[in-house]
Amino acid sequence: MSVKVNIKWGKEELKDVEIDYSLPPVVFMTQIFSMTGVPIERQKIMVKGGMLKHDADNSVWEKIGLKNGQKIMMMGTAEVLVAPTKEITFVEDLPEEAQEYSDTAALGMGLVNMGNTCYLNATLQCLHNAPGLKETLNSYDPSANPGAVGHLGEGSKRLTLATKDVFAQLSTAKQPVAPSRLISTLRENYPQFAQQGQGGMYMQQDADEAYSQLVYTMRETLKTASADPLTELMGVDLVTTLKCDGTAEQFTEKQTVYSLKCNITSEVNHLNEGMKIAMHEDREKNSASLNASALWRGDSKVTKLPPALTVQFVRFFWKTNVTHDGTQGMKSKILRKVGFPLVLDMYEFCDETVQAQLSEVRKDQIEAEDKRMKEAEAKKQRIANGEGASGGDVAMADTADAAMDAPKRVTGHYDLIAVLTHKGRAADSGHYISYVKRETGEWVSLDDETLSVKKEDDIKALSGGGDHHMAYLVMYKQRTI
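All values derive from a computational prediction rather than experimental measurement.

Here we look at the overall build of the chain
Consideration 1: Summing up its helical and strand segments, the chain has 13 helices and 19 strands in all.
Consideration 2: The proportion of buried residues among the 481 residues of the chain is 42%.
Consideration 3: Pairs at least 24 residues apart make up 68% of the contacts formed inside the chain by residues separated by at least 6 positions.
Consideration 4: Accessible surface, the chain: about 25400 Å² in total, of which carbon and sulfur atoms supply 51%.

Below, the structure written as structure tokens:
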């Protein structure tokens, strides 16, 4: 006697798999291994009464009582050996210039400093680590949407294509990438980056300005009539409510920004505190009721959270000096120590609608965790009572399978994935480097061409308070369930 069953494995379904009742389960599991690559010892096949045992005899089939067309579920990870797609290259066979970077190639690849371009290198490495941006750029085809750039002109297309090219090289290169075309195109589009000092050498620039111009250009060039991919990835929607001081007047403004701010005062010790200050705004504006200029107090709230969230520490301000030669000014730096979290909770910065959505998700998350702990405790108790461990495995597997198929839900929590730092006293001098968190969870510093592994404590130490490297931009990745 035999039956044919359907096996659900993750998102796949194996149809009409035959089970011969005259043969033990190990034969059936060997057949599954040949179809999926999941070794027998990793197969967890849920049947009536618990989990199918590979060492059971064929009498177990009658006890289970399977029927033709019945669906059963299997959990387990495949272990497939893939043949090399290209010949293995040994270090001694690499070109001499590539051998120097063979030890750090697994960490990523650096960018060549083309002369005071560390501001751009650090910015590019952070953007390269932004979730979804590489894939979005990789699919960019300017010929498919020739009118997208509008007033920006053809130069913006070239800048976006140059960024796309650098990102592709960073993912495959065996030695540091020289972003020559990107730099020349950036200077062509935005002349402030082409400023030259004594001797004709290009001057250092502000990394935040480079970030803003690159994001702005990519947003405009990637946008189509039906989609705005960069805004979907990095845009934060804000609504600002302004109330007139002394009257009942109020109005709201909506905008999308691509980085939030952390203002730094003598009272600010942490990122959240500076963000709260930045979300408040006082503005001089005419009041119709008073028929005169009045003070309007504004507070902003987030109405949409993006997959990638950037926050800028507002460390630089314009300082005016009066000298015998006249009045001069420069960007000066606030060195104050301001800590930032490895996990950022955006709940308090959101409006009531988004907060209600996040509260529901977090409540479900807590309930799911409570359920998991109770099931684990029940399983432990069954083992202690000698009843076997598999009684609740089917329910647990069904829950896991349902969670896998459900759409992702936003929690409002963000994990730190990149930090851009500055060392020096002015934005247009000093040195910029970046720290990025790889998919493996490993932190890597990228100082132009030089890469090195860092510990989590090294990242926490980038909060400032002296003349060493301190966080200027931080990027977070949205956590979903």
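Anyway, onward from the coordinates.
Quick notes on the packing of helix α4 (residues 118–128) against helix α7 (residues 180–189)
Consideration 1: Two elements in contact, α4 and α7, have axes separated by 12 Å at closest approach and are oriented at 110°. Classified by the angle their axes make, α4 and α7 are roughly perpendicular. Residue-level inspection shows Y119, L120 and L124 of α4 in contact with α7, the latter providing L182, I183 and L186.
Consideration 2: The class makeup of the residues in the contact of α4 with α7 is 6 nonpolar, no polar and no charged.

Concerning the packing of aromatic side chains
Consideration 1: For the structure shown, the criterion picks out 7 aromatic pairs.
Consideration 2: Taken together, a centroid distance of 5.9 Å and an interplanar angle of 5° make the contact between Y119 and F193 stacked. With Y119 in helix α4 and F193 in the loop between α7 and α8 (207–222), this pair connects stretches of sequence that are 74 residues apart.
Consideration 3: Taken together, a centroid distance of 6.3 Å and an interplanar angle of 35° make the contact between Y432 and Y472 tilted. Pair noted here: Y432 is in strand β16 (residues 431–437) and Y472 is in strand β19 (residues 470–480), with a separation of 40 residues, a long-range link.

Considerations on the side chain of T36
Consideration 1: With respect to the helices, strands and loops of the structure, T36 is situated in helix α1 (residues 25–36).
Consideration 2: In this structure T36 comes out as buried when scored by relative accessible area, which is 9%.
Consideration 3: Within the local environment of T36, its side chain forms a polar contact with the backbone nitrogen of V38, the two atoms lying 3.1 Å apart.
Consideration 4: When residues no more than four places from it in sequence are discounted, the contact partners of T36 are W9, L14, M74 and A78.

Description of the confidence of the model for the chain
Consideration 1: In the predicted model, the chain carries a mean pLDDT of 86, and the fraction of residues at 70 or more is 87%.
Consideration 2: Note that pLDDT drops below 50 for residues 80–84; the model gives that stretch 1 contact with residues more than four away or on any other chain.

Notes on the side chain of K333
Consideration 1: Mapped onto the fold, K333 is located in strand β13 (residues 326–333).
Consideration 2: In this structure, K333 is in contact with R315, F316, F317, H422, K423, G424, R425 and M470, ignoring residues within four places of it in sequence.

Regarding the nonpolar core
Consideration 1: Ranked by size, the top nonpolar core spans 50 residues in total, and within it L120, L127, M234 and Y432 carry the most contacts.
Consideration 2: Membership of the second largest hydrophobic core comes to 34 residues, among which are M279, F340, C350 and Y476.

Focus on the environment of I7
Consideration 1: Within the secondary structure layout, I7 lies in strand β1 (residues 2–9).
Consideration 2: When the C-alpha atoms of I7 and V17 are compared, they prove to be 7.5 Å apart, with 10 residues separating the residues in sequence.
Consideration 3: Residues within four places of I7 in sequence aside, it is in contact with E12, E13, L14, V17, F28, I32, I72 and M74.

Examining helix α11 (residues 352–384)
Given 3.6 residues per helical turn, the α-helix brings residues three or four places apart onto the same face.
Consideration 1: The first and last C-alpha atoms of α11 sit 48 Å apart over 33 residues, in line with the 48 Å expected at 1.5 Å per residue.
Consideration 2: Taken as a whole, α11 has its buried residues at V354, Q355, L358, V361, R362, E375 and R382.
Consideration 3: Two residues or fewer past α11, G386 is found with a positive phi of approximately 75°.

Scoring rules and cut-offs
- Residue numbers here run from 1 along each chain, matching the order of that chain's written sequence.
- Totals for whole chains, interfaces and linings use every residue, but because this is a predicted model, local features are given only for residues with pLDDT of at least 70 and side-chain atom pairs only at 80 or more, for both listing and counting.
- Side-chain descriptors were evaluated using all non-hydrogen atoms of the structure, hydrogens and water having been removed beforehand.
- Segments assigned H or I by DSSP are reported as helices when at least four residues long, segments assigned E as strands when at least two residues long, and all are numbered from the N terminus.
- A simple rule labels every residue: compare its accessible area, found with a 1.4 Å probe on the protein chains alone, to the largest value its type can have, and call it buried under 20%, exposed over 50%, or partly exposed in between.
- Throughout, a residue-residue contact means that at least one pair of heavy atoms, one from each residue, lies within 4.5 Å.
- Using the Shrake-Rupley algorithm and a 1.4 Å probe, accessible areas are obtained, with residue cover drawn only from the displayed protein chains.
- The convention used is that axes are lines fitted to C-alpha atoms, helices contributing only their stretch in contact, and that angles between N-to-C directions extend from 0 to 180 degrees.
- If an angle is under 35 degrees, it is roughly parallel; if it is over 145, roughly antiparallel; if it lies from 65 to 115, roughly perpendicular; otherwise it is oblique.
- All amino acids are sorted into three groups, where Ala, Val, Leu, Ile, Met, Phe, Trp, Tyr, Cys and Pro are nonpolar, Asp, Glu, Lys and Arg are charged, and the leftover types, Gly among them, are polar.
- Only Phe, Tyr and Trp rings are paired, with Trp represented by its six-membered ring, and only when their centres lie within 6.5 Å; those with planes under 30 degrees apart are stacked, over 60 edge-to-face, the remainder tilted.
- Pairs of N or O atoms are called polar contacts if they sit within 3.5 Å, as long as, within protein, a hydrogen donor faces a hydrogen acceptor (for residues adjacent in sequence, only side-chain-to-side-chain pairs).
- Scored between 0 and 100, pLDDT is the confidence that the predictor attaches to each residue.
- Definition used in this section: a nonpolar core is a set of buried Ala, Val, Leu, Ile, Met, Phe, Trp, Tyr and Cys residues joined via side-chain atoms within 4.5 Å.
- To estimate how far a helix should reach, multiply one less than its number of residues by 1.5 Å.

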